[in-house]
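Coordinates in review
Letter by letter, the chains look like this.
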Amino acid sequence: MTMKVFYIGAVVATLTKSALAFTVSPDGIKKAGAGVSIKLPGDLSVYDPNEMGLLQGTNNLLDRITSGPAFTIAPPQIIVDSPPAGAEIKEAQHFLEHLDANGELPLNFAKPKAPATATVLGRARLISDDAPGDIEHVIMKLPDGFHYVEGQSLSVIPPGIDAKNGREHKPRLYSIASTRYGDLLDGNTVSLCVRRAEYYDPVTGVIDPEKKGVCSDFLCNVNPGDVVNVAGPVGKTMLLPKDPTKDVIMIATGTGIAPFRGFMHRLFMENTLARHTFGGSAWLVLGVPTTGGLLYKEEFDCMMRNASPGQLKIDYAISREMTNSIDGGKLYVQNVIAQNGKELFDRLDSGAHVYFCGLKGMMPNILESLEGVAQSQGVVWSEKLAALKKNNQWHVEVY
């Protein structure tokens, strides 16, 4: 006699010539040989339409299923052929917005052992003749496919052989000072902000050429048409917040301004979606020794004019020319932090991201200043710092 299996609701019956057995347990079903699922219809335990069946980007397939023919698209999701009356239309450069759109980053187009070749397009001194040292802005054309995003770095491999070991020079890492579109806005260039590393003899006060920075000296002397070996890009820590409503606090000394120039061009200069949707505010604190050493000031002045009222704040700490209001001594970036401690902590409490970039010697004084601010507000600094790091609000790149 033949066997018959039939399914009614959540009950499976197996009929044989000798017996009729009912079971609702999975084991019972399995033993009976029926193999019929007892998943209740509509519980979404097998397939969640909102998770796996996004429909036309609206994420409301479940509503469509449950509403049936009564479903209508909500007004914000309506697709139109032309903007409504009174809408402001803005152009937006967008051909490189995909680089970090899906949580991925452009990384290691070229490795130090197999570098790519960049071509110098131009170089310009950034500081006045009476400012100490030499800082140069270098623009290079990158090979096709070498892309990066704001806050990343690249390596430069200087030419020649290291006299100490007879090997090729090691790569030097530099923070990128331009946006992903580059200073030419073509998406194929990169800019660096380079200080020539010089050593002054403590006795004579004269520069010792034997102790100069190999890579920085090379970059500060390049001319248009010169070839530079580069690797990268690298870096995941100095990226702008994913949430465009969050404030951005940038604290830099000297050439540590490099990544922040890229940030500020993206937020206040370029016609990109990032600029149009930025709903937070930016605050830059830049420390330099003299007024003649202020970097990119003309650009920042233009950004102040472009920004909405209250959206951009810039504080300069010119140590040899300014005094702080705490003890009357020279004004450094840590003093600016202390003088504006409440505002800084209020912004951080509201979700602001804070970034530090410059010589590593700047951080001990900054941390001490922040701890003082915390104590004045009855906050345990170690706990506050741990929370900032956990929330990805704390970003440091020093060298």
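Residues numbered from 1 in each chain as written. Predicted model: local features only at pLDDT ≥ 70, side-chain atom pairs only at ≥ 80, totals over all residues. Heavy atoms only, no water.

Things to note about the overall build of the chain
Rule in force here: In DSSP terms, a helix is any run of H or I states spanning at least four residues, a strand is any run of E spanning at least two, and both are numbered starting from the N terminus. When accessible area is computed with a 1.4 Å probe and restricted to protein chains, residues below 20% of their type maximum are described as buried, those above 50% as exposed, and intermediate ones as partly exposed. Per-residue and other accessible areas were derived by the Shrake-Rupley procedure at a 1.4 Å probe size, with only the shown protein chains allowed to occlude residues.
Along the chain, the regular secondary structure elements total 11 helices and 14 strands. Here the chain holds 399 residues, and 41% of them are scored as buried. Here the chain has roughly 22,100 Å² of accessible surface; of this, 55% comes from carbon and sulfur atoms.

Quick look at the nonpolar core
Stated precisely, the cut-off is as follows: We call a set of buried Ala, Val, Leu, Ile, Met, Phe, Trp, Tyr and Cys residues a nonpolar core when their side-chain atoms join them within 4.5 Å. In what follows, a contact means two residues having at least one pair of non-hydrogen atoms within 4.5 Å.
Counting residues in each nonpolar core, the largest one holds 33 residues, and the members touching the most others are Ile257, Phe260, Met264, Phe268, Leu284 and Phe300. Elements represented by at least two residues in this core include exactly strand S10 (248-253), helix H5 (258-268), strand S11 (282-288), helix H7 (297-306), strand S12 (312-318) and strand S13 (353-358). Examining the composition of this core, we find that six residues originate from one element, H5, more than from any other. Beyond its immediate chain neighbours, meaning those up to four positions away, leucine 284 contacts Met250, Ile257, Phe260, Met264, Phe300, Lys313, Ile314 and Asp315. In this structure, Leu344, Ala352, Val373 and Trp381 belong to the second largest nonpolar core, which totals 25 residues.

Focus: the sheet that holds S13
Heads up, the condition is: When DSSP finds two or more bridges between two strands, those strands count as paired. Under this scheme, a helix contributes an axis fitted over its contacting stretch, all axes are lines through C-alpha atoms, and angles between N-to-C directions fall in the 0 to 180 degree range.
Reading across from one edge, S12-S11-S10-S13-S14 is the order of the five strands in this open sheet, with parallel pairing throughout. Both outer strands of the open sheet, S12 and strand S14 (394-398), are each paired with one neighbouring strand and no more. On average, each strand axis in the sheet is inclined to that of its neighbour by 10°, with strand direction left out of account. Pairing of S13 with S14, which is carried by five bridges, proceeds in the parallel orientation. Residue pairing for S14: valine 354 is matched across the bridge by tryptophan 394. Across the sheet, H5 lies against S10, S11, S12 and S13, angled at about 145° from S10, the strand it touches most.

As for the packing of aromatic side chains
What counts, and what does not: Pairing of aromatic side chains requires ring centres within 6.5 Å, counting the rings of Phe and Tyr and the six-membered ring of Trp. Pairs whose planes differ by under 30 degrees are stacked, by over 60 edge-to-face, and all others tilted. A ring is considered to have a charge above it if a Lys NZ or an Arg CZ atom is located within 6 Å of its centre and within 35 degrees of its normal.
Going through the model one piece at a time under the given rule, you end up with 10 aromatic pairs. Of the aromatic side chains, those joined through ring pairs into one cluster are Phe345, Phe356, Trp381 and Trp394. Note that arginine 261 overlies the ring of tyrosine 296, its terminal NZ or CZ placed 4.8 Å from the centroid. When the ring centre of tryptophan 283 is taken as reference, the NZ or CZ atom of lysine 313 above it lies at 4.2 Å.

Notes on helix H9 (residues 341-349)
We apply this condition: Directions drawn from the helix axis to the C-beta atoms are what define this arc.
Within H9, burial applies to Gly341, Leu344, Phe345, Arg347 and Leu348. The arc that holds every buried residue of H9, seen down its axis, measures 160°, which confines them to one face. Facing away from the buried side of H9 by over 90 degrees, the exposed positions are Lys342 and Asp349. Count one or two residues on from H9 and you reach glycine 351, which has phi positive near 100°.

Side note on the sheet that holds strand S8 (residues 189-195)
In spatial order, the strands read S7-S6-S9-S4-S5-S8; together these six strands make up an open sheet with antiparallel pairing. Looking at which strands have only one partner, the edges of the open sheet turn out to be strand S7 (172-175) and S8. In this sheet, neighbouring strand axes are inclined to one another by 40° on average, regardless of whether the strands run parallel or antiparallel. Direction of pairing for strand S6 (residues 153-157) relative to strand S9 (residues 227-234): antiparallel, over a ladder of four bridges. Following the sheet pairing, valine 156 is matched in S9 by valine 230.

Some thoughts on the packing of H5 against H7
Between two packed helices, the angle of one axis relative to the other and the distance separating the axes together describe the packing. As a reminder of what qualifies: Throughout, the term roughly parallel applies to angles under 35 degrees, roughly antiparallel to angles over 145, roughly perpendicular to angles from 65 to 115, and oblique to all others. Crossing handedness is read from the near helix: turned anticlockwise from the far helix by less than a right angle, it gives a left-handed crossing, and turned clockwise, a right-handed one. Gly is put with the polar residues, along with every residue not named as nonpolar or charged; the nonpolar set is Ala, Val, Leu, Ile, Met, Phe, Trp, Tyr, Cys and Pro, and the charged set is Asp, Glu, Lys and Arg.
Where H5 meets H7, the closest approach of the two axes is 10 Å, and the angle between their N-to-C directions is 30°. With respect to H7, the element H5 is oriented roughly parallel. The interaxial crossing formed by H5 with H7 has left-handed handedness. Every residue of H7 that contacts H5 at Arg261, Met264, His265 and Phe268 is listed here: Glu299, Phe300, Met303 and Asn306. Considering only residue class, the contact of H5 with H7 consists of four nonpolar, two polar and two charged.

Structural measurements only, silent on function.
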